[in-house]
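A closer look at the structure
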Amino acid sequence: MVSRKRLFLIVLITAALTLLLAIAPDRGTFPSTSDIIALQTARQNGADFEEWRWLAAYVSVHPHQAHVWERMGVLDYRNDLCQQASVEFGLAEGYGSLSSPSIIFYAECLMTLNKPQEVVHLLEPHLEDKEKPDGLYPLLARAYLEQDDYDRAFLILSNWVEGEPENSQAVYALGLYQALTDPNGALLSLRRAADLDPVVEESYHVMQTAI
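Residues numbered from 1 in each chain as written. Predicted model: local features only at pLDDT ≥ 70, side-chain atom pairs only at ≥ 80, totals over all residues. Heavy atoms only, no water.

Describing the overall build of the protein
Secondary structure summary: the protein contains 12 helices and 0 strands in total. When the helices and strands of the protein are read in sequence order from the N terminus, they spell out α-α-α-α-α-α-α-α-α-α-α-α. Counting over 211 residues, the protein shows a buried share of 43%. Across the protein, every contact between residues at least 6 apart in sequence was considered, and the portion connecting residues at least 24 apart equals 52%. (Helix = DSSP H or I, 4+ residues; strand = E, 2+ residues; numbered from the N terminus. Buried < 20%, exposed > 50% of the residue type's maximum accessible area, 1.4 Å probe, protein only. Contact = heavy atoms within 4.5 Å.)

A word on the packing of aromatic side chains
In the structure shown here, the tally under the stated rule is 4 aromatic pairs. Aromatic side chains phenylalanine 89 and tyrosine 106 sit 5.8 Å apart centroid to centroid with 40 degrees between the ring planes, which places their arrangement in the tilted category. One end of the pair, phenylalanine 89, is in helix α5 (residues 82-95); the other, tyrosine 106, is in helix α6 (residues 100-112), and 17 residues separate them in sequence. Across the pair, tyrosine 106 and phenylalanine 89 agree in class, each one buried. (Phe/Tyr/Trp six-rings, centres within 6.5 Å; stacked < 30°, edge-to-face > 60°.)

What about the packing of α6 against helix α8 (residues 136-146)?
It is at 11 Å that the axes of α6 and α8 come closest, and there the two elements cross at 25 degrees. Classed by the angle they form, the pair α6 and α8 counts as roughly parallel. Like other packed secondary-structure pairs, α6 and α8 cross with a definite hand, here left-handed. Residues Ile104, Ala107, Glu108 and Met111 of α6 pack against Leu136, Leu139, Arg142, Ala143 and Glu146 of α8. Of the residues in the contact of α6 with α8, the class split is 6 nonpolar, no polar and 3 charged. (Axes fitted to C-alpha atoms, helices over the stretch in contact; angles between N-to-C directions. Parallel < 35°, antiparallel > 145°, perpendicular 65-115°, else oblique. Left-handed = near helix turned anticlockwise from the far one by under 90°. Nonpolar A, V, L, I, M, F, W, Y, C, P; charged D, E, K, R; others polar.)

Here's the deal with the confidence of the model for the protein
Confidence in the prediction for the protein averages 81 pLDDT; 78% of positions are at 70 or higher. By mean pLDDT, helix α1 (residues 4-21) is the weakest element of the protein at 54, and helix α7 (residues 116-123) is the strongest at 96. A low-confidence stretch, residues 19-31 (pLDDT under 50), is modelled with 39 contacts involving residues beyond four sequence positions or located in other chains. (pLDDT = per-residue confidence, 0-100.)

A look at the side chain of serine 102
Its place among the elements puts serine 102 in helix α6. If we skip the residues at most four places from it in the chain, serine 102 touches Glu70, Val74 and Phe89.

Topic: the pattern of salt bridges
Evaluation of the coordinates by the stated rule reveals 7 salt bridges. When the shortest N-O distance is used, the salt bridge between arginine 142 and glutamate 146 registers 3.9 Å. One end of the pair is arginine 142 and the other is glutamate 146, both in helix α8 and 4 residues apart, which spans about a single turn. (Salt bridge = Lys/Arg side-chain N within 4 Å of Asp/Glu carboxyl O.)

Describing unusual backbone geometry
Its identity as a non-glycine residue notwithstanding, asparagine 114 has a phi of 60 degrees, on the positive side. Mapped onto the elements of the fold, asparagine 114 is located in the loop between α6 and α7. For asparagine 114, a relative accessible area of 58% corresponds to the exposed category. Even without being a glycine, aspartate 148 presents a positive backbone phi close to 60 degrees. Its place among the elements puts aspartate 148 in the loop between α8 and α9 (150-163).

So, the packing of α6 against α7
Interaxial distance between α6 and α7 falls to 8 Å at its minimum, and their mutual angle equals 165 degrees. When the axes of α6 and α7 are compared, the pair comes out roughly antiparallel. When you trace α6 past α7, the crossing you get is left-handed. Residue-level inspection shows Ile103, Ile104, Tyr106, Ala107, Leu110 and Met111 of α6 in contact with α7, the latter providing Pro116, Glu118, Val119, Leu122 and Leu123. Split into classes, the residues belonging to the contact of α6 with α7 amount to 10 nonpolar, no polar and 1 charged.

Structure representation (structure tokens):
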């Protein structure tokens, strides 16, 4: 059974990783009349909506154009329409491939929709990429934590720090995880993160007290 203190730290870590990822809330479904209303409301200036309509008309005739589906996904992602964007990104991936930023946008939407296993399936192959998508590590770590796979979460965070030792967010995220099993190591990592970025200083003191 998980102790109350351990459970508290797990919740803190998950919340912190969520903040690092800055995932937007979902506000849409696909496809329906309510989508159009939501799109019109979200896109006050009309520019995104007009582009989306033209793209939608195009793929209705040429549905195998991956880059068009991807662009539609990007437009919906940046307007907080994750349900719709995830469908469009999925079609883009099925018909071809996604750019690195869109891979992360897609994964963020899947996390918003509470689909961590799909996030793992999407992101794990990119661990082998020479140029990894920005945001890969914290998203994967959070997906593993959502599935109670703590060993893989620790490995991912350790690899993140190893690859980017001067990245304060990476060191901070590892420190949060270490709080579960290695309080002394956690404090060292969190202190290191605060040294790298003064913005982390207050969070370090909060975690120091919690530990």
